[in-house]
Amino acid sequence: MTVPDPVPGTGEVLVAVRAASVCGTDVHLWEWNEWAQTRVQRVPLILGHELSGEVVRVGAGVKSLAVGDHVSAETHIADGTCYQCRTGRMHICENVQVLGVDRDGIFAEYAVLPELNAWRNDPALDPSLASIQEPLGNAVHSLLPEDNVEDLAGKSVLITGCGPIGLLAIAVAKSFGATNVIATEVNRVRFDLARKMGADLVLNPREEGAGLVKRIRDATDGRGVDVATEMSGYAGSLPVVFDALRPGGRVSLLGLFDGPVSLNFNDAIIFRAARIHGIFGRRMFDTWYTVAGLLKSAAFREKMGAIITHRVPISELGRAMQLIESGEAAKVSLIAKW
């Protein structure tokens, strides 16, 4: 589809896309599943939100950015005036618009971003890595969801689903001192990558069957994990997450389910005194500063780069989707070669 080049308005910048990457949300939209059909309000729509690009034009009133700056995108576009925004929770703005879902995204030659949402990068940062800071932020937010949550040092962590965010979560958990990181994954490519990310134990739920929770509990001296993150969006993972959790442990739910799910709240949550966090985006902008700190480590950048299994021209988005849907790819980086 061909559309006119966008023009930045007041307080906006025009960005030439240099690299992008495909998110699970993009796959849901591409497949037009039940969630996508009920979520998207208008079509046609330019997809994509994981961006690395260069500012090529600035709109009136822009002060913090200049032509030539290398930027990535915070994809939650907040109104700045609602109760959530005024109390430090812009990421869950009551009127939030998500890039590539509620408004045109970045799988194109050019994209427009509000000045606030353009995060300036070190120009030396690999554009492909720069484009996956947004999902890295999801991983950080999942493991450290609020300022007053205890840290991960010395803790056991379960990550169900080793898609790109799950894989990044393994590396983040180890970086923050988790001593026992357990991951579950059925795809062989991602299973092997989970080990490279530093997981202490990787289990295939299909192979473990009914014994999966016992394997996890055995790996934690029978106590259960301190922290669990559900990244797969597979309904069958929910009972595993809570059955493997120690009493008083905390759970972060990030994966998007295709439809309604059921769970025994009495046993899973109430009697277990579980603490639950729904994860939507990143804390603006606390999480971005944490991400920037992680990227100062060459070892962390090497791990981060390992999840990019394929690089294809952005004009071949269909092939990128096929690589993901077939299970061949972990993370696909889209390179601007028009």
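Scroll up to find the structure this text is about.
A brief look at the structure comes next. (Residues numbered from 1 in each chain as written. Predicted model: local features only at pLDDT ≥ 70, side-chain atom pairs only at ≥ 80, totals over all residues. Heavy atoms only, no water.)

## Some points on the overall build of the protein chain
And step 1. Along the protein chain, the regular secondary structure elements total 14 helices and 15 strands.
And step 2. Expected size for 338 residues packed as a compact globule is a radius of gyration near 20 Å; at 20 Å, the protein chain falls within 12% of this value.
And step 3. By its C-alpha atoms, the protein chain is 60 × 40 × 40 Å across when sized along the principal axes.
And step 4. The buried share of the protein chain, reckoned over its 338 residues, is 54%. (Helix = DSSP H or I, 4+ residues; strand = E, 2+ residues; numbered from the N terminus. Rg over C-alpha atoms; globule rule 2.2 N^0.38 Å. Buried < 20%, exposed > 50% of the residue type's maximum accessible area, 1.4 Å probe, protein only.)

## A word on the pattern of salt bridges
And step 1. The tally for this structure, following the rule as stated, stands at 15 salt bridges.
And step 2. Across the pair arginine 246 and aspartate 226 runs a salt bridge, and its minimum N-O distance is 2.6 Å. Of this pair, arginine 246 sits in strand S12 (residues 245-253) while aspartate 226 sits in strand S11 (residues 225-230), placing them 20 residues apart in sequence.
And step 3. Take arginine 246: its relative accessible area is 21%, and that puts it in the partly exposed class.
And step 4. You can call aspartate 226 buried: its relative accessible area is 13%.
And step 5. The network of salt bridges with shared partners includes Glu74, Glu134 and Arg282. (Salt bridge = Lys/Arg side-chain N within 4 Å of Asp/Glu carboxyl O.)

## Description of the side chain of histidine 28
And step 1. Following the sequence through the fold, histidine 28 ends up in helix H1 (residues 24-31).
And step 2. Among the residues examined, histidine 28 registers a relative accessible area of 17% and is labelled buried.
And step 3. The residues touching histidine 28, leaving out its near neighbours within four places in the chain, are Asn33, Trp35, Ala36, Leu256 and Asp258. (Contact = heavy atoms within 4.5 Å.)

## Let's talk about unusual backbone geometry
And step 1. Between valine 43 and the following residue, proline 44, the backbone shows a cis peptide bond with an omega angle of 0°.
And step 2. If you trace the backbone, proline 44 turns up in the loop between helix H2 (34-39) and strand S2 (50-58).
And step 3. Positive phi, close to 55°, is recorded for tryptophan 32, a residue that is not glycine.
And step 4. Its identity as a non-glycine residue notwithstanding, aspartate 221 has a phi of 55°, on the positive side.
And step 5. One can find aspartate 221 in the loop between helix H9 (212-218) and S11.

## Some remarks on the sheet that holds strand S8 (residues 156-160)
And step 1. The parallel open sheet is built from six strands, whose spatial order is S10-S9-S8-S11-S12-S13. The sheet is open, and its two borders are formed by strand S10 (201-203) and strand S13 (275-278), each paired with just one other strand. Adjacent strand axes in the sheet meet at a mean angle of 15° when their direction is disregarded.
And step 2. With five bridges connecting them, S8 and strand S9 (residues 180-184) associate as parallel partners. Within the sheet, the bridge partner assigned to leucine 158 lies in S9 and is isoleucine 182.
And step 3. Against the sheet, helix H6 (residues 164-175) touches S8 and S9, its axis set at about 175° to S9. (Pairing = 2+ DSSP bridges. Axes fitted to C-alpha atoms, helices over the stretch in contact; angles between N-to-C directions.)

## Overview of the nonpolar core
And step 1. Of all hydrophobic cores here, the largest spans 41 residues; its most connected members are Leu136, Val157, Leu167, Ile170, Val172 and Met304.
And step 2. Secondary-structure elements contributing two or more residues to this core are helix H4 (127-131), helix H5 (133-143), S8, H6, S9, helix H7 (188-197), helix H12 (286-294) and helix H13 (298-306).
And step 3. In terms of residues, this core owes the most to one element, H6, which gives eight residues.
And step 4. Judged by nonpolar contacts, the second largest core, of 37 residues, contains Leu29, Val40, Val55 and Val101. (Core = buried A, V, L, I, M, F, W, Y, C linked by side-chain atoms within 4.5 Å.)

## Quick word on a negative patch on the surface
And step 1. A surface patch of like charges, here negative, comprises Glu31, Glu34, Asp258 and Glu325.
And step 2. Assessed through its relative accessible area of 43%, glutamate 31 is described here as partly exposed. (Patch = residues over 30% accessible without salt bridge, like charges linked within 9 Å, V, L, I, M, F, W, Y side chains within 5 Å. Areas by Shrake-Rupley, 256 points an atom, 1.4 Å probe, with all protein chains shown as cover. Lys, Arg positive; Asp, Glu negative; His and termini not counted. Charge placed at Lys NZ, Arg CZ, Asp CG, Glu CD.)

## Considering the state of the cysteines
And step 1. Enumeration according to the criterion identifies zero disulfides in this entry.
And step 2. Cysteine 82 takes part in no disulfide bond, and the closest cysteine sulfur to it belongs to cysteine 85, at a distance of 3.7 Å.
And step 3. Cysteine 82 sits in the buried class, given a relative accessible area of 7%.
And step 4. The cysteine cysteine 93 is free of any disulfide, with cysteine 85 supplying the nearest cysteine sulfur at 3.8 Å. (Disulfide = S-S within 2.5 Å.)

## Regarding the environment of lysine 63
And step 1. Tracing the sequence through the fold places lysine 63 in the loop between S2 and strand S3 (70-73).
And step 2. Looking at lysine 63, the relative accessible area reads 79%, which means it is exposed.

## Digging into a nonpolar patch on the surface
And step 1. Nonpolar side chains collect at one region of the surface, where Phe265, Ile270 and Phe271 lie side by side and expose about 380 Å² of accessible area between them.
And step 2. For phenylalanine 265, the location among the structural elements is in helix H11 (residues 265-270).

## Examining the packing of H6 against H13
And step 1. It is the contact of H6 with H13, at a shortest axis distance of 10 Å, that shows an interaxial angle of 160°. Classified by the interaxial angle, the pair formed by H6 and H13 is roughly antiparallel. At the point where H6 passes H13, the crossing takes the right-handed sense. Two secondary-structure elements touch here, H6 through Leu168, Ala171, Val172 and Ser175 and H13 through Phe300, Lys303 and Met304.
And step 2. The class makeup of the residues in the contact of H6 with H13 is five nonpolar, one polar and one charged. (Parallel < 35°, antiparallel > 145°, perpendicular 65-115°, else oblique. Left-handed = near helix turned anticlockwise from the far one by under 90°. Nonpolar A, V, L, I, M, F, W, Y, C, P; charged D, E, K, R; others polar.)

## Details of the pairing of S11
And step 1. Among the six residues in S11, six count as buried, and that is most of the element.
And step 2. As judged from the four bridges shared by S8 and S11, these two strands associate in the parallel manner. In the strand pairing of S11, isoleucine 159 is matched with threonine 229.
And step 3. For the crossover from S11 across helix H10 (residues 237-243) to S12, the handedness is right-handed. (Right-handed = clockwise from strand over helix to strand, strands pointing away.)

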